[in-house]
Amino acid sequence: MRPQHHGATTSMSDIQTDVILRGDCIERLKGLPDKSVDMVFADPPYNLQLGGDLLRPDNSKVDAVDDEWDKFDSFAAYDAFTRAWLKECQRVLKDDGTLWVIGSYHNIFRLGSAMQDLGFWVLNDIIWRKSNPMPNFKGTRFTNAHETLIWAAKSRDQKRYTFNYDALKVFNEDTQMRSDWTLALCTGAERLKDADGNKAHPTQKPEALLHRVILSATRAGDVILDPFFGTGTTGAAAKRLGRHFIGIERDEGYADVAQARIDAIIPANPEDLVVTGSKKAEPKVPFGALVEAGLLTPGDKLYCPKGDHEARVRADGSLVSGSLTGSIHKLGALLENAPACNGWTYWRFKTDQGLRSIDTLRAEVRAGMQ
């Protein structure tokens, strides 16, 4: 199944995009119109429940997450907060939109349970395997080397959503994209620092992660909502890829850093943002159309890849080989004694440069139709 994006229900004029809304995420979400965004990417507080400082073997302190925004009085309080923002995100998502959430083992199971309780339909879970994880200094547990993303449709009954399957396959060197992604943590020049040289945000995500998420589940011009915007990785990736964003962030310092970061980005040219489309979405071309267009004429010969079989083209688009006749698919299957055959990739025609696939002729007809 490779569903494609379907029409929007809210026009761009109904909402302000490419903005950072400052304030409480739930209150700000309530101010957005119903069915106004194409995708939500949420990196909510982890609720790490740290019991004290984390020290390295040399007794230096690890710069871990100990900010107030990550602290909740109880699991019940965290769950109530989670359901509140998820419910608002579900409301503002278009009927063909999808939601992504990311978390660690501390919170991802609670997030998934809340999503399912609210009616979201899980499409995939993605394992982000960190190629350079922080070691476990105490040696009391496995090194925590991954985070989990959940990708979900708005509801179980949702039939349409954007998934750029073919683009991801090309991206992955013509191999189907898997659900385990190996990417490095945000380090080096990408890691944002404050005036004192400290991390601007403790859990800044690598832009490569958001690039892949956005490439996979949106189209150019779509609106992406991030209710926990932080230092703006979602907005930065969205701008580079020709998408619009709405960020919500309550910390003024983070919002300022995010705005400066995004302002400095020069987006790519629109023609460079076109992604490989699905063949299923392309106009259907019957073999007979090649004869109608004069690209093949009745009596022309076609050949199988190895040259052991040949067939003649007839005026109605059928083929004949000896006493056997049929469509390009049926005759190919008969000659190979196979249950089925893709005639477009099976049959070849002669040129001065040798044999060429008839699929190249179909591409010419299709280009004329588009």
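See the structure above.
We now turn to the structure provided with this report.

About the thresholds
Every chain's residues receive numbers from 1 upward, in the order its sequence appears when written. In view of the model being predicted, local features appear only for residues whose pLDDT reaches at least 70, and side-chain atom pairs are presented and counted only at 80 or more, with totals across whole chains, interfaces and linings using the full set of residues. No hydrogens and no water enter the side-chain calculation; it runs on all heavy atoms of the structure. The way it works is that DSSP assigns letters per residue, a run of H or I at least four long becomes a helix, a run of E at least two long becomes a strand, and they are numbered from the N terminus. Here's how the labels work: a residue is buried when its accessible area is under 20% of the maximum for its type, exposed when over 50%, partly exposed in between, all with a 1.4 Å probe on protein chains only. By the convention used here, residues are in contact when the closest approach between their heavy atoms is within 4.5 Å. In this description, accessible areas are obtained by the Shrake-Rupley approach with a 1.4 Å probe, and a residue is regarded as covered only by the protein chains that are shown. Within 6.5 Å between ring centres, the rings of Phe, Tyr and Trp (the latter by its six-membered ring) count as paired, and their orientation is classed by plane angle as stacked under 30 degrees, edge-to-face over 60, tilted in between. To qualify as a nonpolar core, a set must consist of buried Ala, Val, Leu, Ile, Met, Phe, Trp, Tyr and Cys residues joined through side-chain atoms within 4.5 Å. Counting of polar contacts relies on pairs of N or O atoms within 3.5 Å, with two restrictions inside protein: one atom must be capable of donating a hydrogen and the other of accepting it, and residues adjacent in sequence are counted only when both atoms are side-chain atoms. Any two strands between which DSSP finds at least two bridges are classified as paired. Lines are fitted to the C-alpha atoms to define the axes, a helix being fitted only along its stretch in contact, and any angle between axes, read from their N-to-C directions, falls within 0 to 180 degrees. Just to be clear on terms, a salt bridge is a Lys or Arg side-chain nitrogen sitting within 4 Å of an Asp or Glu carboxyl oxygen. The path from the first strand over the helix to the second decides the hand: if it runs clockwise while the strands point away from the viewer, the crossover is right-handed. Note on angle classes: values under 35 degrees are labelled roughly parallel, values over 145 roughly antiparallel, values of 65 to 115 roughly perpendicular, and the remainder oblique. Note on convention: near helix rotated counterclockwise from far helix by under a right angle means a left-handed crossing. Clockwise means right-handed. Residues are grouped as follows: Ala, Val, Leu, Ile, Met, Phe, Trp, Tyr, Cys and Pro are nonpolar; Asp, Glu, Lys and Arg are charged; all remaining types, including Gly, are polar.

**Examining the overall build of the protein**
Next up, step 1: Scanning the protein for helices and strands turns up 11 helices and 14 strands.
Next up, step 2: Split into buried and exposed, the 370 residues of the protein put 45% on the buried side.
Next up, step 3: Within the protein, contacts between residues separated by at least 24 positions form 69% of all contacts whose residues are at least 6 apart in sequence.
Next up, step 4: For the protein, the exposed area adds up to about 19300 Å²; of that, 49% sits on carbon and sulfur atoms.

**So, the packing of aromatic side chains**
Next up, step 1: Tallying each qualifying case throughout the model produces 10 aromatic pairs.
Next up, step 2: Here W100 and W151 contribute two aromatic rings whose centre-to-centre distance is 5.4 Å and whose plane-to-plane angle is 20°, an arrangement assigned as stacked. Linking W100 in strand β3 (residues 93-103) with W151 in strand β5 (residues 146-153), this pair joins segments that are 51 residues apart in sequence.
Next up, step 3: Since its relative accessible area comes to 2%, W100 is described here as buried.
Next up, step 4: Classification of W151 by relative accessible area gives buried; the value is 4%.
Next up, step 5: Between the aromatic rings of W151 and Y161, the centroid separation amounts to 5.7 Å while the plane-to-plane angle is 85°, which identifies the pairing as edge-to-face. With W151 in strand β5 and Y161 in the loop between β5 and α4 (165-171), this residue pair connects regions lying 10 residues apart in the sequence.
Next up, step 6: Relative accessible area serves as the criterion here: at 9%, Y161 is assigned to the buried category.

**Concerning the environment of I102**
Next up, step 1: Positionally, I102 belongs in strand β3.
Next up, step 2: Each C-alpha atom of the pair I102 and A42 lies 6.5 Å from the other, and the pair is 60 residues apart in sequence.

**Quick look at the nonpolar core**
Next up, step 1: Ranked by internal contacts, the top residues of the largest apolar core, which has 32 residues, are M39, F41, W100, L149 and L209.
Next up, step 2: Residue contributions to this core peak at six residues, all from helix α5 (residues 207-217).
Next up, step 3: For L149, the residues in contact, after removing those within four places along its chain, are F41, W100, V101, I102, N124, D125, I126, W128, L209 and V213.

**Examining the side chain of S318**
Next up, step 1: With respect to the element layout, S318 can be found in the loop between β10 (310-313) and β11 (319-321).
Next up, step 2: Side-chain polar atoms of S318 contact the side chain of D316, separated by 2.6 Å.
Next up, step 3: Ignoring anything within four residues of it in the chain, the contact list for S318 reads R312, V313 and G326.

**Quick look at the sheet that holds β5**
Pairing between the strands of a sheet is mediated by backbone hydrogen bonds and can be parallel or antiparallel.
Next up, step 1: Strands sit in the order β1-β8-β7-β2-β3-β5-β4-β6 across an open sheet of eight strands; the sheet is mixed. Either end of the sheet is taken by a strand with one partner, and the two such strands are β1 (19-22) and β6 (180-183). The sheet shows a mean angle of 20° between the axes of neighbouring strands, taken without regard to direction.
Next up, step 2: On the sheet, helix α7 (residues 252-263) packs against β1 and β8 (244-249) and is oriented at approximately 175° with respect to β1.

**Quick word on the pattern of salt bridges**
Next up, step 1: Counted by the stated rule, this structure contains 17 salt bridges.
Next up, step 2: The salt bridge partner of D256 is R22, with a shortest N-O separation of 2.7 Å. Of this pair, D256 sits in helix α7 while R22 sits in strand β1, and the two are 234 residues apart along the sequence.
Next up, step 3: Residue R91 pairs with E88 through a salt bridge whose shortest N-O separation is 2.8 Å. Placement of both R91 and E88 in helix α2 (residues 75-92) is noted, with a separation of three residues, approximately one turn of the helix.

**Regarding helix α9 (residues 328-336)**
An α-helical segment advances 3.6 residues per turn. Residues three or four places apart therefore align on the same side.
Next up, step 1: Those residues of α9 not exposed but buried are I328, L331, G332, A333 and L335.
Next up, step 2: For α9, the secondary structure elements touched by its buried residues are α8 (287-292), β10, β11, β12 (324-326) and α10 (343-346).
Next up, step 3: Following α9 by one or two positions, N337 has its phi on the positive side, about 50°.

**Thoughts on the pairing of strand β7 (residues 223-226)**
A regular strand places its side chains so that they alternate between the two faces of the sheet.
Next up, step 1: Here β7 shows two buried faces, one formed by V223 and L225 and the other by I224 and D226.
Next up, step 2: As a crossover connection, the stretch from β7 through helix α6 (residues 233-240) into β8 is right-handed.

**Observations regarding the side chain of T231**
Next up, step 1: As for its position among the elements, T231 is in the loop between β7 and α6.
Next up, step 2: Every residue in contact with T231, bar those within four places of it in the chain, is listed here: L192, A200, H201, Q204, Y254, V257, A258 and R261.

**What to know about the packing of α6 against α7**
Next up, step 1: Two elements in contact, α6 and α7, have axes separated by 9 Å at closest approach and are oriented at 15°. When the interaxial angle is binned, α6 and α7 end up roughly parallel. Regarding α6 and α7, the two cross each other, and that crossing is right-handed. Taken together, the residues of α7 that come into contact with α6 (itself represented by T233, G235, A236 and K239) are R261, I262 and D263.
Next up, step 2: Looking at side-chain class alone, the contact of α6 with α7 contains two nonpolar, two polar and three charged residues.

That's the geometry; what it means functionally is another story.
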